[in-house]
Amino acid sequence: MCLVFCIHGIFSVLIFWSLQNAGDVESTINILNVLDELLSAGTDRRIHYMITKGCSEALLTALVNTGRSFSPNFHLLLPLLHLLAKIGHRDRRIGVKAEDAGAALLTLNLLRQNIKYARRAAACLWVIQVFSSSVSTANLIGENHGLETVYRLIPHFTTKHLHAIKYVYLCSAHVPFLFLSPPTEANVCSVVSKGYVAGLLRLYEDWHAKAVQHGAVAICHSLLRCLHKVTHSTAGRQAFVSQGGIRLLYGTTQTCLLSKDLESLVEPSVQLMRKCLTKTPLPLTSDRSAYSFPMPGRAHAVPTEEDDNEAEDSKEADFDEDLETDLHKLRLRPDPDRPKELLPQYSRLCPELSHDFQVQMYKNANDFILLLWKRDHSNDQFSLNLSPALAQLEARDFHSHRSILNESHHGSMIDRLLEKHGVCIPHHEPKLYRAAAARTKSIPGFSLLAFPDFWGHLPTPGHEPMAPRKPNVQRYKVFEDVQRFLITDGIINQVVFDLEDSSLQCPSDSLRFFSGFECGNLRKAVRVRRWEYDLILNADVNSSQHTQWFYFEVSNMVAEVPYRFNVINCEKSNSQFNYGMQPVLYSVTEALEGRPHWLRTGTEICYFRNHFCPARGRRKTTFYTLTFTITFKHNEDVCYLAYHYPYTYSALTAHLKVLQNSVDPAKVFFQQQVLCCTLAGNPCPAVTITARPASRGWKDMHQVRNRPCIVLTGRVHPGESNASWVMKGTLEFLCSSDPVAQSLREAFVFKLIPMLNPDGVVNGTNRCDLSSEDLNRQWSKPDPVLCPTIYHTKGLLYYLNSIGRTPLVFCDYHGHSRKKNVFLYGCSVKETLWQSGSAVNTVGLKEDPGYRTIPKTLDRLAPAFSFNSCNYLVEKSRSATARVVVWREMGVLRSYTMESTHNGCDQGIYKGLQTGTKELQEMGGKFCHSLLSVTKDVKSLDSQRLIGHIDNDVLDHKSHNCFEDDEPPCVEQIEYSADCPAPNGADLDSDVNANATAADEEEDNDGHGEITSFSAFFFRAQQVDSNENKL
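Residues numbered from 1 in each chain as written. Predicted model: local features only at pLDDT ≥ 70, side-chain atom pairs only at ≥ 80, totals over all residues. Heavy atoms only, no water.

- An unreviewed UniProt entry lists the protein under the name Peptidase M14 domain-containing protein, with Gasterosteus aculeatus aculeatus as the source organism.
- Looking at the protein in UniProt, the text filed under Catalytic activity (unreviewed entry) is "(L-glutamyl)(n+1)-gamma-L-glutamyl-L-glutamyl-[protein] + H2O = (L-glutamyl)(n)-gamma-L-glutamyl-L-glutamyl-[protein] + L-glutamate".
- In its Subcellular location (unreviewed entry) section, the UniProt entry covering the protein states "Cytoplasm, Cytosol". (UniProt positions renumbered as here; feature names shortened; annotations may be inferred.)

Structure below.
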């Protein structure tokens, strides 16, 4: 290694001596050639070493000395320019150095003098491109009309000079907008006014026609890159559209699809068309949600656009910078956010501490359910209805928006339905559900039920694999969208559903939509073509964003016809829909035939950025399209489509009643209470589950009252319905007769708050509650009025902490829209400091590694769980989440967020399969199993056999950045703002080398030879600037 550095040092001296004596042309050329070979044979490390020894400055000095002569020697200049391009490309300060040496403008003058000589022009262009990596240098060249010079160069070369022009065009594509840094609207307007956009389009059309026979694909690609640069600005995009750019590219792209030789032109053309499609406002009267709710103390005011919170998944500027590195903040426990005098009120939520555990016995659970039904519903007046003609029991009779049923006929129709089909869903009783829904309060005052929620569903009989992605499916969907812009024949654009206009009449041959029921979300449906519909989702209440969750009814379909659905106002920048995920569908016809399933459905699924913008343009929002095609099985069926398996608030309250009355009261203590009421007045359930004492003796009662607590919460984000299915699995397992469940009940007291955001769930929001706040960002100082469920859940935790019963485990159940598998987020001081690269010495820090016990156990027990996806880092942006606050303020070592995928798994026995409700509920039960690993009283479990398979060694495993997507880049570009792929260093080197070895072209006086028919027009467009462009 030392010998290599010595050789480099020797050559440094040689190049300095040779280049500083540029009069010796032959010696200089020889040295340049030797140096070029030396650097080409090695790695970039050699070049960087030479840069540190002043190689760039020496080359610039030689360039200035040689180029200033009256008649520059291009036998010397060409190798000098080629070498400077290669070395300068690796020198971060090359632009500044070029300015200081006077080489930037000199190279621009050399280019002007040699426009008609392709090899010389290409060499100058490579160097100008390298210089323009510096903003100040790019501005300097731009101010001296460098852009006009480059655009004058482009039309000079045609098929007669094909070999040389390839390099001219390739380089020209990179240079123009480097001079417009930043590309201001004024600069682009100047470019547009001089006809450059129209010129580039006509050139592309000419060269595209010659591409096959003349091998000019690289030239076409370079022209597309030029157009990409120009269209970075609004003025450039408008010029592109007005000059027929979209129509031209659409036509040429269709030709490219027929030839493999032209395939490389398709993607940049598609990207360019996507970028330049005219921004279209959403067809809404307002960007704000169709639902509003007056906030206490705010009269009827709602938050402004600027007050809207960003979603949890919004990208942080830099992940490592987001990590908390302040050891004081990581270790110090903040003072409570309320006085201790307020905490005793939460003693009511600890009934196990005061209950006498006397049991009122019933012959069986059915007797108890019947008693509860009579007690709760003896005086109820029902207002929720299913259909006006239930006796026929056909799917079309189950539109949730049919006329309201007369109360006198209600009982007989419901009984007739149940008599024919029976109650077949475990832990689901339709009458109980209907009664629960009647008490649920919503902003619109829902009076109708969705059939799947009323009737229930069974898990699918088998597993459902992830949907294969059809090659280039997004490309063809984009082509169809471009056709809307170009070909208006056949475009209907008729609103067929509007949540805000109940009087809207739907055409008889159109699909019919409806979403006016609990959890529903669809704001508007527009029929685009006969079999295609644009769907617009409703923003969260009192907000103008957070659109992702959808759940709606569709009917009046024709069987075996592919319908395309486009959800056009999604907001997240990527989605599992690009990686095999499908929406879910429920068919009433199938349910009445004994198959009540939510099924994954849809083909030709993709998710990509579109050209829509907010209706009022007040917010810089990027929208994405989720598009999928569904072929319905039955004519005039009534179907329901959803983002994920719906789980309503009414389903929870009904389920809790069924569970309470299904447990053996002699063994299981199950008590449901009201944590608090929400803003809309819905009770937030809190459940306590534990084992009843063996006797009422002092010893057994003492053991019950001193059992450690496990606190589980869920559904803080309404759109994460998978969290509720996991919670359902947890509840059913803890109430079951399974010996592990019995052991857990004897070891712990479980406190469960299954739904922290009932109002959001009821009203179909995705992220927030009625105050438009993300409740999982309010845990540091929750407002008791605006965030009552968080305030009182935290109060319960404070109370448990104050009486010496700090939870052994806290877990908040969530769903993740952009990752596969199930995994945990935890908290660790050491791992956070390690990951952040903090200078804090962690050797002396003591930290209990027990926070890894549950994740490691789950990795062995739960097929859907991925230990490698777990993460134990504390981020500043998540300092107010449940996980971090409970860990920091309550001192709970095992404080977690459990994330469940909306899609499926990429490991284990479920690899390649989408998760269903069965797998999600299984995960809830497996989480309970994992709690065996943290019990301190193994004997009380009577179960060395139950936990013998758990290895308590802690893995030495470094956390990953699991808050970012772990998927590979999508096979097709989701975004469209990216340029055509720019050449890396190796590409530049190879192109420069090819230009250097090309045969000398004839350099006659008129030089440029044959010019395209368009060139004359192109030159005329620039005559207005002929004087200022003269040398």
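We are not done yet, so read on.
## Remarks on the overall build of the protein
Part 1 of the reasoning: Tallying secondary structure elements over the protein gives 38 helices and 22 strands in all.
Part 2 of the reasoning: Here the analysis covers contacts within the protein between residues at least 6 apart in sequence; of these, 80% occur between residues at least 24 apart.
Part 3 of the reasoning: Total accessible area on the protein stands at roughly 40600 Å², and carbon and sulfur atoms take up 52% of it. (Helix = DSSP H or I, 4+ residues; strand = E, 2+ residues; numbered from the N terminus. Contact = heavy atoms within 4.5 Å. Areas by Shrake-Rupley, 256 points an atom, 1.4 Å probe, with all protein chains shown as cover.)

## Here we look at the side chain of Ser771
Part 1 of the reasoning: Along the chain, Ser771 turns up in the loop between helix H30 (758–762) and helix H31 (788–802).
Part 2 of the reasoning: You can call Ser771 buried: its relative accessible area is 1%.
Part 3 of the reasoning: Here the side chain of Ser771 touches Asp769 through a polar contact of 2.6 Å, side chain to side chain. (Buried < 20%, exposed > 50% of the residue type's maximum accessible area, 1.4 Å probe, protein only. Polar contact = N/O pair within 3.5 Å; in protein donor to acceptor, adjacent residues only side chain to side chain.)

## Quick look at the packing of aromatic side chains
Part 1 of the reasoning: According to the stated counting rule, one finds 32 aromatic pairs in the structure shown.
Part 2 of the reasoning: Considering the side-chain rings of Phe517 and Tyr640, the 5.9 Å spacing of their centres and the 70 degrees angle between planes classify their relative orientation as edge-to-face. One end of the pair, Phe517, is in the loop between strand E4 (512–514) and strand E5 (524–529); the other, Tyr640, is in strand E14 (residues 638–642), and 123 residues separate them in sequence. Each member of the pair Phe517 and Tyr640 is classed as buried.
Part 3 of the reasoning: Here the aromatic cluster, defined as three or more aromatic residues joined through ring pairs, consists of Phe513, Trp531, Tyr533, Phe550, Phe552, Tyr563, Phe565, Phe577, Phe628, Phe632 and Tyr643. (Phe/Tyr/Trp six-rings, centres within 6.5 Å; stacked < 30°, edge-to-face > 60°.)

## A few points about the packing of helix H4 (residues 55–67) against helix H7 (residues 103–113)
Part 1 of the reasoning: One way to put it is that H4 packs onto H7 with a least axis distance of 10 Å and a crossing angle of 45 degrees. Classified by the interaxial angle, the pair formed by H4 and H7 is oblique. Where H4 crosses over H7, the two elements pack in a sense that is left-handed. Residues Leu60, Leu63, Val64 and Gly67 of H4 pack against Ala103, Leu106, Thr107 and Leu110 of H7.
Part 2 of the reasoning: The residue makeup of the contact of H4 with H7, split by class, is six nonpolar, two polar and no charged. (Axes fitted to C-alpha atoms, helices over the stretch in contact; angles between N-to-C directions. Parallel < 35°, antiparallel > 145°, perpendicular 65-115°, else oblique. Left-handed = near helix turned anticlockwise from the far one by under 90°. Nonpolar A, V, L, I, M, F, W, Y, C, P; charged D, E, K, R; others polar.)

## Considerations on the sheet that holds E4
Pairing between the strands of a sheet comes from backbone hydrogen bonds, and it takes one of two forms, parallel or antiparallel.
Part 1 of the reasoning: As summarised here, the arrangement of the five strands in space is E4-E7-E14-E9-E10, forming an open sheet in which the pairing is antiparallel. Bordering the open sheet on either side are E4 and strand E10 (598–600), each of which pairs with just one other strand. Pairwise comparison of adjacent strand axes, ignoring direction, gives a mean angle of 30 degrees for this sheet.
Part 2 of the reasoning: Here strand E9 (residues 584–587) runs beside E14; their pairing, made up of four bridges, is antiparallel. Note that in E14 the partner of Leu585 across the bridge is Leu641. (Pairing = 2+ DSSP bridges.)

## Here we look at the pairing of strand E11 (residues 603–609)
If a strand is regular, its side chains alternate between the two faces of the sheet.
Part 1 of the reasoning: Most of E11 sits inside the fold, with five of its seven residues counted as buried.
Part 2 of the reasoning: Pairing geometry for E11 and strand E13 (residues 624–631), over five bridges, is antiparallel. Bridging across to E13, Thr603 finds its partner in Thr629.

## What about the environment of Cys870?
Part 1 of the reasoning: With respect to the helices and strands, the residue Cys870 is situated in the loop between helix H33 (853–861) and helix H34 (882–890).
Part 2 of the reasoning: The spatial distance from the C-alpha of Cys870 to the C-alpha of Glu899 is 9.4 Å, given a sequence separation of 29 residues.

## Notes on the side chain of Glu919
Part 1 of the reasoning: Within the secondary structure, Glu919 is located in helix H35 (residues 917–930).
Part 2 of the reasoning: In this structure, Glu919 is buried with no salt-bridge partner, the nearest side chain bearing the opposite charge being Lys918 at 5.7 Å.
Part 3 of the reasoning: A distance of 2.7 Å separates the side chain of Glu919 from the backbone nitrogen of Gly916, its partner in a polar contact.
Part 4 of the reasoning: If sequence neighbours within four positions are ignored, Glu919 has contacts with His463 and Tyr910. (Lys, Arg positive; Asp, Glu negative; His and termini not counted. Salt bridge = Lys/Arg side-chain N within 4 Å of Asp/Glu carboxyl O.)

## Brief notes about the pattern of salt bridges
Note that side chains of opposite charge can pair when their charged atoms are close.
Part 1 of the reasoning: Counted under the stated rule, the structure contains 32 salt bridges.
Part 2 of the reasoning: Two residues, Glu263 and Arg475, come together in a salt bridge whose shortest N-O distance is 3.2 Å. In this pair, Glu263 is assigned in the loop between helix H16 (245–256) and helix H17 (266–276) and Arg475 in helix H24 (residues 473–486), connecting sequence segments 212 residues apart.
Part 3 of the reasoning: Since its relative accessible area comes to 34%, Glu263 is described here as partly exposed.
Part 4 of the reasoning: The exposure class assigned to Arg475 is buried, which follows from its relative accessible area of 6%.
Part 5 of the reasoning: Note that Asp337 is salt-bridged to Lys794, the shortest N-O span being 3.0 Å. Residue Asp337 is found in the loop between helix H19 (327–331) and helix H20 (365–377), and its partner Lys794 is found in helix H31; the two are separated by 457 residues along the sequence.

## Let's talk about the confidence of the model for the protein
Do not read the fine detail of predicted coordinates wherever pLDDT is low.
Part 1 of the reasoning: Averaged over every residue, the pLDDT of the protein is 81; residues scoring 70 or more account for 76%.
Part 2 of the reasoning: For residues 177–182, every residue scores under 50 in pLDDT, and the model assigns this stretch 22 contacts once sequence neighbours within four places are set aside.
Part 3 of the reasoning: In the model, residues 948–964 has pLDDT below 50 throughout and makes 48 contacts with residues more than four positions away in sequence or in other chains. (pLDDT = per-residue confidence, 0-100.)

## Describing the nonpolar core
Part 1 of the reasoning: Formed by 160 residues in total, the largest nonpolar core has its most connected members in Phe513, Phe565, Tyr640, Ile689 and Phe927.
Part 2 of the reasoning: With 43 residues, the next largest nonpolar core counts Ile47, Leu63, Leu84 and Ile141 among its residues. (Core = buried A, V, L, I, M, F, W, Y, C linked by side-chain atoms within 4.5 Å.)

## Observations regarding the packing of H7 against helix H8 (residues 118–131)
Part 1 of the reasoning: With their axes 9 Å apart at the nearest point, H7 and H8 run at an angle of 150 degrees to one another. Taken together, the axis directions place H7 and H8 in an arrangement best described as roughly antiparallel. Remark: the crossing between H7 and H8 carries left-handed chirality. Between H7, through Ala103, Ala104, Thr107, Leu108, Leu110 and Leu111, and H8, the contact on the second element is made entirely by Ala121, Cys124, Leu125, Val127, Ile128 and Phe131.

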